[in-house]
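# Remarks on the overall topology
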Amino acid sequence: MSSTHDFPTLTVVSHPLVQHKLTLMRDKNTQPIHFRQLLKEIAMLIGYEVTRDLPLSSEPIETPVAPMNAPVLAEPITIVSILRAGLGMADGLRELIPSAREGHIGLWRDPETKQPHEYFIKLPSEVGRVILVDPMLATGGSAAHAVDVLLKRGVAREEIRLVTLVSAPEGMKTFAAAHPSVPVYTAALDEKLDDKAYIVPGLGDAGDRIFGTL
């Protein structure tokens, strides 16, 4: 796990298993069924790092041997997917945190302006810590807009974590400018965006590769 000097809120999860699985996902010959499984596995691995600072409280229980005050999560957790590609990462986090609530923010990006537009928002009434997921942090506009959505609905800024698979410097710069205190976790900070706002070298369109809509 490492941070970058250019982006102090960015954590690159450099675990060997994460990097190996990401390489398999980048391969253009990897089929959707395997792409989905790898994304689920990487999301779980990154999830361990994202949840490392979750607050704990205690509650009394009895083991087969003796009573004790045992640690439990102190607040609810909500996984929020930026549709549609975020659903693939939510699968892994759901396995890691089965008790988590889930929310969804539907955004589409105008191909000309590259600006995000809302088409669906559904969040639980109580969210607690929010893990916001979207595999690709490209221009950064969708992720920044999604955080704005959460803030407008009463989520505390310090409770938000953004989890991505691959990030572009341009997107991270945009996101950090909009939300300089929100931590970002990713498996890779890639080279750049191309003229179509695809991450280079990237892995193509994550939503298309998850759902087989190439």
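Residues numbered from 1 in each chain as written. Predicted model: local features only at pLDDT ≥ 70, side-chain atom pairs only at ≥ 80, totals over all residues. Heavy atoms only, no water.

In plain terms, the rule: UniProt positions are given in the numbering used here, feature names are shortened, and annotations may be inferred rather than shown by experiment.
In the annotation of an unreviewed UniProt entry, the chain is listed under the name Uracil phosphoribosyltransferase and assigned to Aquibaculum arenosum. Quoted straight from UniProt, the Function (unreviewed entry) entry for the chain says "Catalyzes the conversion of uracil and 5-phospho-alpha-D-ribose 1-diphosphate (PRPP) to UMP and diphosphate." What the UniProt record of the chain gives under Sequence similarities (unreviewed entry) is the line "Belongs to the UPRTase family."

## What to know about the side chain of E49
What counts here: Numbering of helices and strands runs from the N terminus; a helix is a DSSP stretch of H or I covering at least four residues, while a strand is a stretch of E covering at least two. Think of it in three bands: with a 1.4 Å probe and only protein chains considered, a residue is buried below 20% of the maximum accessible area for its type, exposed above 50%, and partly exposed in between. Residues adjacent in sequence count toward polar contacts only when both atoms are side-chain atoms; beyond that, a polar contact is any pair of N or O atoms within 3.5 Å, and within protein one must be able to donate a hydrogen and the other to accept it.
The residue E49 is located in helix α2 (residues 32-50) in this model. For E49, a relative accessible area of 18% puts it in the buried group. Among the polar contacts listed, one links the side chain of E49 to the side chain of R52, at a separation of 3.1 Å.

## Focus: the UniProt feature "binding site: 5-phospho-alpha-D-ribose 1-diphosphate" (unreviewed entry) in the chain
Per the UniProt record, "binding site: 5-phospho-alpha-D-ribose 1-diphosphate" (unreviewed entry) is found at R84, R109, D134, P135, M136, L137, A138, T139, G140, G141, S142 and D205. Tracing the backbone through its elements, the reader meets R109 in strand β6 (residues 101-109). Classification of R109 as partly exposed rests on a relative accessible area of 34%.

## A closer look at helix α3 (residues 86-96)
Basically, it comes down to this: Contacts are residue-level and defined by heavy atoms, with any inter-residue pair within 4.5 Å sufficient.
Taken as a whole, α3 has its buried residues at G86, G88, M89, A90, G92 and L93. Buried residues in α3 make contact with α2, β5 (77-83), β6, β8 (129-133), β10 (160-163) and α6 (206-211).

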